[in-house]
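Analysis of the macromolecular model
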Amino acid sequence: MDAPYTAAAANFSGDLRHLVAQQTLQVMACYGSDCRYSAVSPALSELLQCSEQMLIGQTDQALVSQAQRPDTSQDYWQQAADALSVVVQTERSVQRIFTVSTTSGEQQYQTTYTPLKDEHSQLCQILAISQAVSLVYLQRPNLNNPVMDIEMPGLETASLADLSTAKSHIAADSCDAHTSQSVDSSSFVGDRTTNDEPSNPSAKDGVSTYHMAELMQIVLDSIPQYIFWKDKNGAYLGSNHRWAKMAGFKDSSQVAGITDDDLPWTPEQRAWYRQCDNQVMETNTPMLRIKQSQRQANGQLSWRETSKFPLHDAKGNVVGLLGTIEDITERKVAEDLLKQSEATFRRLAKQSEMLNQLSTQIRQSLKIESIQQTTVDEVRQFLSVDRALIYRFTPDWNGQVAVESVADKSFSALGNAGMNNQFHREYVEQYKQGRIIAISHVSSASLEAQHRDYLKSLGVQAKLIVPIHVQEALWGLLIADQCSDEEPGTKDTEEKAAKTREWEADEIDLLRALAGQVGVAIYQANLLAQAKQGAVEAEEKAGQLEAAIQTLQQAQAQLVQTEKMSSLGQMVAGVAHEINNPVNFIHGNINPVEDHTQDLLDFLQLYEKHYPAPPEEIQIAAEEIDIEFVQTDLKKILVSMRAGTRRIREIVLSLRNFSRMDEVGCKAIDIHEGIESTLLILQHRLKAQTNRPAIELVRDFGNLPLIECFASQLNQVFMNILANAIDALESELKANPNGEKVPRITLRTEAHGDRIVIKLADNGTGMPATVRDRMFDPFFTTKAIGKGTGMGMSISYQIVVEKHHGQIECFSEAGVGTEFVITIPVSMKECRVE
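Computed from a predicted model, the values in this text were never measured in an experiment. (Residues numbered from 1 in each chain as written. Predicted model: local features only at pLDDT ≥ 70, side-chain atom pairs only at ≥ 80, totals over all residues. Heavy atoms only, no water.)

Moving on: the overall build of the protein chain. Secondary structure summary: the protein chain contains 23 helices and 23 strands in total. Residues classed as buried in the protein chain amount to 42% of the 834 residues present. Residue pairs in contact within the protein chain that sit at least 24 positions apart in sequence constitute 60% of those at least 6 positions apart. Accessible surface computed for the protein chain: about 44,700 Å², of which carbon and sulfur atoms make up 52%. (Helix = DSSP H or I, 4+ residues; strand = E, 2+ residues; numbered from the N terminus. Buried < 20%, exposed > 50% of the residue type's maximum accessible area, 1.4 Å probe, protein only. Contact = heavy atoms within 4.5 Å. Areas by Shrake-Rupley, 256 points an atom, 1.4 Å probe, with all protein chains shown as cover.)

The following block contains the structure:
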């Protein structure tokens, strides 16, 4: 601040306090920034019944504590202290209504507390002016519901460039206002100090109208706000120096009579000002803190916060308005920069969130289709574009749109193969080098005609293309399209041609980062796919090896079982053969022996007839051998020998039928012979034992035709099933030796068309479902180690199903027993020849 202004301001401040104290007729007070009385009007002293000396230097809060008894003055001081506290804290004007006792009764006063600031915008004084409500406000403004905090339509956004010019302009306005103030106030103070008495005799009891107007102008010019007032027709009646300077006038004396049409406002600003003026005056309602931009006389754009109040005449009619303007350019710049920073921060946070989400999804799933779809969905929403897609290159640098996200199905390009199914080699080479292509508008971009026509056919107006690399190799493109509102392929218009999309740096950075994430995801997904494929192949090989081992084990066990049965068959065949020869010899000689024996007996009878009295020695020998018993028993012996040899021959035949070693391939046989031969082999296990009764056999054989089959193999099946049935019955009898159940095995055969059914059932304990379901699994057995190999039923299944194209089923119920049902075809035309 320069020296002339400092002296003038000091002189003005002291003179203002003196004038207020001695000459004004209004209820008025002036406070310092510490809320102490610095000047009071006589009207206030009279109203509060306090001398000037009692009030000067005091605060209202101190006066409250000094009061000897409660009265309306004490209430006034308390409310005034509260109002001053609000003004100091907010640096804004406030209004209060007080009730004060007067000689004529209680009277309400409306007091306005106005903060006054110095050239540094620091609070220096507070001016309080009170007016009797009943005398002034015959029609009060609607102060309870003012219009507050609205913005001018089309309010421009401020930038740092506006801040620097606004500061210089504010400084110039302040300097001009201060200079004007120093001259006027010095002149006025000089008139007051050069004469001991007022030049106008009437000024003894008050100041002249001229001096009061000049005083008011000094007050208005001293505050940093822009102040103006208009009549009801919108004509300016006056202003302070700051507003006049801003409007392009040298001083406020040139303002009277002008309208907004004479000022450098834009048509939109004039319309807005008139709208606000009319609303204030027509509704008798103030409008507070209106935010608006304003073009000043020097062409500089600034931002203001305007408040407008209705003015009334003595009858309370609205006759105009008072406007106060505060320059908020610095605050507006700060607010808009903050909003921009917040928007940038939110955008960066959203980008970070998208990248984190994509990274998390990559870590969690590595499903490339899901990752690509999520990417294009997020890109389309975040960039507010009509279409986001991923274009996938093929090895020959053709390709197509692999995945997309569209705002409307009419924008879909899924499966599109690109321009003539070819991408120019130069573009591919640029993408390989990592080039990003940002097209603000297709019509004005430097493109080949064919390329431009292709993009227009897809409705593209603006385009952003970022290459996707996988391990430094070009994989595809991540593309964001801004499309037209018309259907793709329609003719471009001038309005469409004017629309552009300037791609921001952070948008390009986001797309580049997402393309990098997609590239990483594809690489990791490929690695995972390779690992999975390797694992699958290894698992397949392990499965094949396990199957081979199992097959080998089965083959080995089956071979052992087959060799066992083969050895048994060979042994049985050998034994049968060895027994068959001597038995046949014996059986063949029985008839001659019977004949010779009969001849000898006839001869002996003839001898006894002719020699009834043999010598004593012969008689003694005949008695010793009991010749009569020998004659009788010899015939019986021969009959028994014939029966024995016949039985041996039958057993040998059964053994030969069981082994079938003399037969090769499929032969037509009587299946009952095979069952009977098997029962013959197991006969010793069916007989009663010392610890159990005999197992009863029930045969219920039907009339069956000859069956083409592998007889020895079916006999092996019967042997396995019947042996297991005997084992089950023996286990139950051993567990319950005193039971009354008769162990029983039932054999049934039936003919059903071209198939026969063989049912082998026992009345044992049965088996649980877990055992039944695994009955035919290789190496599965419920017997103790060394008691069974677990291959008997598996081999039986192979013989019936694979060899004979039949079926074998197991039905078992706990406590009832088990039944095996074998179904085989009568004819074995498809049987493999061994």
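A few words now on the pattern of salt bridges. The full count for this structure, using the stated rule, is 23 salt bridges. Put simply, Glu 305 and Lys 291 hold a salt bridge, and the shortest N to O gap is 3.6 Å. Of this pair, Glu 305 sits in strand 10 (residues 301-312) while Lys 291 sits in strand 9 (residues 287-295), placing them 14 residues apart in sequence. On the basis of relative accessibility, which here comes to 5%, the residue Glu 305 falls in the buried class. Residue Lys 291 is classed as buried on the basis of its relative accessible area, which comes to 16%. With a shortest N-O distance of 3.0 Å, Asp 481 and Arg 387 are connected by a salt bridge. (Salt bridge = Lys/Arg side-chain N within 4 Å of Asp/Glu carboxyl O.)

What follows deals with a nonpolar patch on the surface. Taken together, the side chains of Phe 585, Ile 586, Ile 637 and Met 641 define a hydrophobic patch exposed on the protein surface, amounting to about 380 Å² of accessible area. Of all the secondary-structure elements, those providing two or more residues to the nonpolar patch are helix 16 (505-610) and helix 18 (627-659). Relative to the elements of secondary structure, Ile 637 occurs in helix 18. For Ile 637, a relative accessible area of 38% gives the class partly exposed. (Patch = residues over 30% accessible without salt bridge, like charges linked within 9 Å, V, L, I, M, F, W, Y side chains within 5 Å.)

Moving on, we come to the sheet that holds strand 22 (residues 807-813). Strand order in the open sheet formed by five strands is 18-20-21-23-22, with mixed pairing between adjacent strands. Pairing within the sheet leaves two strands with one partner each, and these edge strands are strand 18 (696-700) and strand 22. The sheet shows a mean angle of 15° between the axes of neighbouring strands, direction not considered. With seven bridges connecting them, strand 22 and strand 23 (residues 817-825) associate as antiparallel partners. Residue pairing across strands places Glu 813 opposite Gly 817, the latter belonging to strand 23. In this fold helix 21 (residues 711-735) packs onto strand 20 (744-752), strand 21 (755-762), strand 22 and strand 23, with an angle of close to 145° to the strand it touches most, strand 20. (Pairing = 2+ DSSP bridges. Axes fitted to C-alpha atoms, helices over the stretch in contact; angles between N-to-C directions.)

Looking now at the packing of aromatic side chains. On inspection of all chains with the given rule, the structure shows nine aromatic pairs. Pairing Tyr 76 with Phe 98 gives two aromatic rings, centres 4.9 Å apart and planes at 65°, and the pair type is edge-to-face. Placement of Tyr 76 in helix 5 (residues 72-90) and of Phe 98 in strand 3 (residues 94-102) is noted, with a sequence separation of 22 residues between them. An identical accessibility class is assigned to Tyr 76 and Phe 98; each is buried. Here Trp 265 and Tyr 273 contribute two aromatic rings whose centre-to-centre distance is 5.9 Å and whose plane-to-plane angle is 90°, an arrangement assigned as edge-to-face. Tyr 273 carries the same exposure label as Trp 265, and that label is buried. Three or more aromatic residues joined by ring pairs make a cluster, and in this case those are Phe 228, Tyr 236 and Trp 243. The ring of Tyr 226 has Arg 242 sitting right over it, with the charged end atom 5.9 Å from the ring centre. (Phe/Tyr/Trp six-rings, centres within 6.5 Å; stacked < 30°, edge-to-face > 60°. Lys NZ or Arg CZ within 6 Å of the ring centre and 35° of its normal.)

Turning our eyes to something else, we now look at helix 10 (residues 267-283). If you check helix 10, its first and last C-alpha atoms are 24 Å apart, about what 17 residues at 1.5 Å a residue would give, namely 24 Å. Every buried residue of helix 10 is listed here: Gln 269, Arg 270, Trp 272, Tyr 273, Cys 276, Asp 277, Val 280 and Met 281. Projected onto a plane normal to the axis of helix 10, the buried residues spread over an arc of 165° and lie on a single side. Exposed residues pointing more than 90 degrees away from the buried face of helix 10 are listed as Pro 267, Glu 268 and Glu 282. Asn 284, located one to two residues past helix 10, shows a positive phi value of around 55°. (Expected span 1.5 Å × (residues − 1). Arc of directions from axis to C-beta.)

Unusually for a residue other than glycine, Gln 49 sits at a positive phi of about 55°. Phi at Glu 472 is positive, roughly 70°, even though this residue is not glycine. Within the fold, Glu 472 resides in the loop between strand 15 (460-470) and strand 16 (473-483).

On to the side chain of Arg 501, then. Considering the arrangement of structural elements, one finds Arg 501 in the loop between helix 15 (494-498) and helix 16. A distance of 2.8 Å separates the side chain of Arg 501 from the side chain of Gln 482, its partner in a polar contact. (Polar contact = N/O pair within 3.5 Å; in protein donor to acceptor, adjacent residues only side chain to side chain.)

Glancing now at the sheet that holds strand 15. A sheet is described by the order of its strands in space; here five strands give the open sequence 13-12-16-15-14, paired in antiparallel fashion. Two strands close off the open sheet at either side, each with one partner strand: strand 13 (399-406) and strand 14 (437-439). With strand direction ignored, the average angle separating the axes of adjacent strands in the sheet is 20°. Both strand 14 and strand 15 contribute to a ladder of three bridges, which runs antiparallel. Bridge pairing links Ile 437 to Ile 465 in strand 15. With respect to the sheet, helix 12 (residues 368-383) is in contact with strand 12 (387-393), strand 13 and strand 16, its orientation differing from that of strand 13 by roughly 55°.

Judged by nonpolar contacts, the single largest core of 38 residues is most densely connected at Ile 671, Phe 718, Ile 721, Ile 745, Ile 756, Ile 758 and Ile 822. At the level of secondary structure, the elements contributing two or more residues to this core comprise helix 19 (671-681), strand 19 (707-709), helix 21, strand 20, strand 21, helix 23 (792-803), strand 22 and strand 23. Tallying contributions element by element places helix 21 first for this core, with 10 residues. Residue contacts for Ile 745: discarding those within four places in its chain leaves Leu 686, Ile 695, Glu 696, Leu 697, Val 698, Leu 722, Ala 725, Ile 726, Leu 729, Ala 761 and Asp 762. Ranked by size, the runner-up nonpolar core spans 30 residues in total, among them Met 354, Val 376, Val 379 and Ile 390. (Core = buried A, V, L, I, M, F, W, Y, C linked by side-chain atoms within 4.5 Å.)

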